[in-house]
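# Results of the structural survey
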Amino acid sequence: MAERLRADLVLEYPFTRTTGPVIGAFLTGLREGIILGIRRPDGTVLCPPTEYDPESSEPLTDLVEVGPGGELLSWTWVDPPRSQSPWDQPHGLGLIRLDGADTPMVHGLLVDGPEGLSVGMRVTARWRPEREGHIADLEGFVPEGADQ
Amino acid sequence: MSADPSIPPAALSGEVSLPEKLADVEPVRSVRTPIRLEYDFIPGSASSGYLNAFADRKILGQQSPVDGAVFVPPRGVDPRHGAATPEYVELPDTGHVGGFCVTRLPIPGRDDLEIPYVSAWIHLDGADIGFLGLVAGIDTSEVRMGMRVRAVWKPDDELGRTAENILYWEPTGEPDIPVTAAGTNAWHAKQAAAGEQG
């Protein structure tokens, strides 16, 4: 029988995308160390911001600062992280509703183990020192008070 | 509220209101979003037979038990009928260009391709579908549907179990296949001819 064949196959696309003013503002905020949501006509705030109202499809333009603290609404534990993960250590992934926002965003939860996480706990943003306008400028979220 | 389609939405025209802190900073306008998929590719039996044959400078297809259509590369099945295709068919390394594309922009990660280059559906003589190859040895402006081509192989001592053994396809200089009988039209022409005889 012939030897079994195998090969490494890598498919890679180095995309750069234009952001538009809303996502661009969100990323600009991250670079400057603040998190932006966007206000809907009824006063509620979406974070991350979207260009259009999810119900009426009307354009949204009123960007407002939210966070950096918030409430953990749901989470899961990731161990081990995959090779291309932004995190090289086991970590949580959570839905975080930031103060001033009405919708949750997904991001990493930087704690030592799953016993450090619970639904309803308070968390706050941890920033990378070097920032460039990318979601990874936000290193993740830690329990409130952990970085003091 | 009825929107005038000729007026771009505010979110696209850039009129957003920002917190004071961001009033005077340079806005972010683009973001890197690379995609990378890493496969550990292990071919199944049909593909293994195909790849192993390449080491002997052979191109194998498989024949449908339903109507005799020949597929290359072989996948072990006739996808139209869900029928297994256990019979390999050896194909010649000649055929024609069924369709092609001239690429004038470099592809990241493929510095080995000199631009402009031509990628084409090569329809081998005796096969009923095309497979992808590069066409070279001719000015890109001269490539056309129906042009007869033959494989240019790597030297024998560089052959491996890979379709990369074929460096590219070059024109044979024979008369073209009429466009109406080239590429996917070939199968339809063949079916029509079979219908007339039947």
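Since the model is a prediction, treat every value here as computed from it, not as a measurement. (Residues numbered from 1 in each chain as written. Chains lettered and ligands numbered in written order. Predicted model: local features only at pLDDT ≥ 70, side-chain atom pairs only at ≥ 80, totals over all residues.)

## Points about the overall build of chain B
Counted only if it meets this: Only DSSP runs of H or I with at least four residues qualify as helices, and only runs of E with at least two residues qualify as strands; both kinds are numbered from the N terminus onward. Residues are called buried when their C-beta atom has 20 or more other C-beta atoms within 10 Å, exposed when it has 12 or fewer, and partly exposed otherwise; all C-beta atoms are positioned from the backbone. Here, residue contact means that the backbone-derived C-beta atoms of the two residues sit within 7 Å.
Along chain B, the regular secondary structure elements total three helices and twelve strands. Counting over 198 residues, chain B shows a buried share of 20%. Restricting the contact set of chain B to residue pairs at least 6 apart, pairs at least 24 apart contribute 57%.

## Digging into the overall build of chain A
Check the secondary structure of chain A and you find one helix and ten strands. Shown N-terminal to C-terminal, the secondary structure of chain A runs as helices and strands in the order β-β-α-β-β-β-β-β-β-β-β. When burial is assessed residue by residue, chain A has 28% of its 148 residues classed as buried. Within chain A, residue pairs in contact and separated by at least 24 positions form 50% of the contacts whose partners lie at least 6 positions apart.

## Remarks on the interface of chain A and chain B
Selection rule: As a working rule, the residues Ala, Val, Leu, Ile, Met, Phe, Trp, Tyr, Cys and Pro are called nonpolar, Asp, Glu, Lys and Arg charged, and the rest polar, with Gly in that last group. One bridge is not enough; two strands pair if DSSP finds at least two bridges between them.
Listed by partner, the interface residues are 40 residues for chain A and 36 residues for chain B. Elements with a contribution of two residues or more to the side of chain A that touches chain B: strand S1 (7-13), strand S2 (16-18), helix H1 (20-32) and strand S5 (62-66) of chain A. Per element, the largest residue contribution to the side of chain A that touches chain B is ten residues, and it comes from H1 of chain A. Of the residues contributing to the side of chain A that touches chain B, the split by class is 19 nonpolar, eleven polar and ten charged. The sheet contact formed by S1 of chain A and strand S2 (residues 35-41) of chain B spans seven bridges and is antiparallel. For tyrosine 13 of chain A, the partnering residue across the bridge sits in S2 of chain B and is isoleucine 35 of chain B.

## So, helix H2 (residues 45-54) of chain B
All names here are of chain B. How we decide: Working note: the arc is built from the helix axis to C-beta atom directions.
For H2, the complete set of buried residues consists of Ala46, Tyr50, Leu51 and Phe54. Viewed end-on, H2 has its buried residues packed into an arc of 125°, placing them on one side of the element. Looking at the buried positions of H2, the neighbouring elements they touch are strand S3 (59-63).

## Quick word on the confidence of the model for chain B
Worth spelling out the cut-off: Confidence of the prediction at every residue is given by pLDDT, a number between 0 and 100.
Per-residue confidence for chain B gives a mean pLDDT of 90; residues scoring 70 or more make up 92%. For this predicted complex, the interface confidence comes out at an ipTM of 0.84, alongside a pTM of 0.69.

## So, unusual backbone geometry
All names here are of chain A. Of note, the bond from glycine 67 into proline 68 is cis; its omega dihedral lies within 30 degrees of zero at 5°. Among the secondary structure elements, proline 68 is positioned in the loop between S5 and strand S6 (69-78). A cis amide bond links aspartate 79 with the next residue in sequence, proline 80, at an omega value of 0°. Looking at the secondary structure, you find proline 80 in the loop between S6 and strand S7 (91-98).

## Side note on the pairing of strand S9 (residues 117-124) of chain B
Where a strand is regular, its side chains alternate between the two sheet faces. All names here are of chain B. Counting buried residues along S9, six of its eight residues qualify, which places the element largely inside the surrounding structure. Two elements, strand S8 (residues 94-103) and S9, share eight bridges in a ladder whose sense is antiparallel. Bridge pairing in S9 links valine 102 to valine 118. As judged from the five bridges shared by S9 and strand S10 (residues 131-135), these two strands associate in the antiparallel manner. Along S10, the bridge assignment pairs valine 118 with valine 135.

## Details of the sheet that holds strand S7 (residues 88-91) of chain B
Strand pairs in the sheet, formed through backbone hydrogen bonds, run parallel or antiparallel to each other. Residue and element names in this part refer to chain B. Across the sheet, three strands lie side by side as S4-S3-S7; this open sheet has antiparallel pairing. Edge strands, defined here as strands with exactly one partner in the open sheet, are strand S4 (70-71) and S7. Two strands pair when backbone bridges link them, and S3 and S4 are joined in this way by two bridges, in the antiparallel orientation. Following the sheet pairing, glutamine 63 is matched in S4 by valine 70.

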